[in-house]
Structure formats: structure tokens, C-alpha cells
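Understanding the architecture of this molecule
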Amino acid sequence: RLRGVHTQAGRRRTAKTDERTGARRGASGSERGVTWEEEREEAQTSMSKPVVELVARGLQNLAKYAAVLGIGGSAVAASLYNVDGGERVVLFDRFRGVLPEASDEGTHFLVPWVQTAHTMDIRIRPRMIPSATGTKDLQMVEIVLRVLTRPDMSKLQTIFRNLGTDFDERVLPSITNEVLKAVVAQYNAEELLTKRDQVSEKIRASLTKRARDYNLIIEDVAITHLQFGVEFSRAIEQKQVAEQEAERAKYVVLKSEQERKAAIVKAEGESESARLISEATRQAGTGMIELRRIEAAKEIAAHLGKSRNVSYLPSGNNMLFGINPQQ
């Protein structure tokens, strides 16, 4: 009972205290013109301000770190370069110029802004080079040359310094046309066809020697297309036709000669045969002629016997025709 009395008394005192506090706050709020709800919102706002400031500071620090990381990553990326297979990289330094050593395949470092990397292709590359030139007998011919070339890897710095990365575009067309005109002028138009391997080998030797001056290596040279002018092609065609006609006439002459010889041999054989028959007749009488007549009759009978349209009848009058006497 005492506990219950004390509990009720405590509740009454708490309620009175709350009423007094509310009255005071209401009085103070009424004095400032602010309600209890507004004062509560202000208290919550004052409590959330430190949290917002802390989050803002964290975001600012994160932005600083991200900027630092981004700048660092960009610097590292700018300091690295890759060299693929079949390529070499020549470095150009702003203070020292072209560096004496080229970079092999892999990943390498350089100093940003101070050094720049220039990629050079060292693989064998084909190139088709057309050229129109004249032969020794003043015939125009169009030649297409296929050239396989690559740079000298020990002279990449010199090639880059003198010619740049497009060295084949700068050198090959001019020296190839020069060599073609010099070599083709030593042969006739017909020799270009009959001695094609020899011409190709001579072009290769001359072009290899000429390209060595520019530190280029010629791997192979081949003539892929060879075309003459219209007049020369027509002349070749007419010549071939004339040669064919001459061969045909020669064949006709040979055929006539052989036929003449065959007729002479046949006539001589017949003459000899007649002479022998005359001698045999003179010595043996007409028996030889009768023998030949019998042999001829046998041959005729054998030939006619194979025909279905020939019937044999007896030579006398005793011919019986299968007639039935009772009819």
C-alpha cells in the first residue's frame, strides 16, 4: 500500500512538473512568437547540422583524393607505352633528339611531355608498283612489279630521322620506276616474254642495290603483269597467223610430195607386176590367166554371198519351184 501511495504521488508530481515546464515553454514561446512544434523542429535541425557538416567534409576529402588518384593514374598511363609484335618504337627526346636504341616488344616507360614514342612496322610488306616504259626496239610496255620490302632493324633511327615512318611511300615508287626503265631498255619486246626470269632477276639485283642506300631490304621482286601496246599486240597476232599459214602450206607441200612418191611407187609396182605376168603367160601359157579368173570369181562370189538381196539359180533348165501337184 505504501508503494502504491508513493507511486501515485510521484505520478502527480511528474504531471505537475510537465505542466509547469510546458507552461514555461509556452510562455517563452509565446513571448518569441514560436509554437512548441516549431521549437521542436529547431531542436532537431540543430542536432542534424553536425552530421551534415561531417558528411560534407568527407565528400570534400574524397573528391580531393579522387582528383589526386586521377592525376596520378593519368601520369602513369602517359608514362607507359606498348610495342606489339612485328613493330619497334623509336623515342624522340626534346633535349637529346632521337635516342640511339629502339624499343623491342613489350611495355616500356618514357618521360611524359619530354619523350614521344613513334611506332615503326618492321614486318615484310608487299607493294604493287605499276610503270610504263619503253623497250630496246622502241615498243611501249606496261609492267606491274610486286615488291616485298622491310626496313633494316639496325638502322631504324636513321630511317626515322631521314624518311619518317612512311619510308616505303617516300622511296619505293621512285627507285622502282628508275630501275625498271633502266633494265627494260636493255631488252627487246620479244625478249621480255622469252627471258622473263632473267629480266626479273636483273630487276631484283638492281633494286636491292638501289634500296640499300636508303637502309631498306628487298626480300622478293616479281613481274605480275606485262602488257604491250595495241599495235605491237596486233603485229604479234599477225605474225602468229602468218606462221600458222606457213606451217599449213609446208604440210600441204609435204603431203603432195608424199602422194607423188606413193603414185610412183604404185606405178612401178604395177609395171613390175605386168611384166611378171607377161613372162609367166609366155612361159606357162594361158594357165596363169585362168588361175587369176578363178581367184576373181571366188572373191566375187564370197562378196555377193554376204548380201541378202542376191539369190543363186542353177544354170540349167531343171528348175523346181516347190509347187504342190494336188492343188
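This report concerns the structure included in the present document. (Residues numbered from 1 in each chain as written. Predicted model: local features only at pLDDT ≥ 70, side-chain atom pairs only at ≥ 80, totals over all residues. Heavy atoms only, no water.)

Some remarks on the sheet that holds strand 8 (residues 216-228)
As a general point, the strands of a sheet are linked pairwise by backbone hydrogen bonds and lie either parallel or antiparallel. Taken together, three strands build an open sheet; the order of strands is 6-7-8 and the sheet is antiparallel. Of all the strands in the sheet, the pair left with one neighbour each is strand 6 (125-134) and strand 8. Averaged over all adjacent pairs, the angle separating strand axes in this sheet is 25°, with direction ignored. The pairing of strand 7 (residues 140-151) with strand 8 spans eleven bridges and is classified as antiparallel. (Pairing = 2+ DSSP bridges. Helix = DSSP H or I, 4+ residues; strand = E, 2+ residues; numbered from the N terminus. Axes fitted to C-alpha atoms, helices over the stretch in contact; angles between N-to-C directions.)

Here we look at the side chain of Arg88
Mapped onto the elements of the fold, Arg88 is located in strand 2 (residues 87-93). Reaching out from Arg88, the side chain makes a polar contact with the side chain of Glu105 at a distance of 3.0 Å. Ignoring anything within four residues of it in the chain, the contact list for Arg88 reads Val83, Ala102, Ser103, Asp104, Glu105, His118, Thr119, Met120, Ile122, Met153 and Leu156. (Polar contact = N/O pair within 3.5 Å; in protein donor to acceptor, adjacent residues only side chain to side chain. Contact = heavy atoms within 4.5 Å.)

Some remarks on helix 4 (residues 167-184)
Its 18 residues give helix 4 an end-to-end C-alpha distance of 26 Å, which sits within 8% of 26 Å, the value for a rise of 1.5 Å per residue. When we look at burial in helix 4, the residues that qualify are Phe167, Asp168, Val171, Leu172, Ile175, Thr176, Val179, Leu180, Val183 and Val184. Here the buried residues of helix 4 occupy an arc of 145° about the axis, which is enough to place them on one side. (Expected span 1.5 Å × (residues − 1). Buried < 20%, exposed > 50% of the residue type's maximum accessible area, 1.4 Å probe, protein only. Arc of directions from axis to C-beta.)

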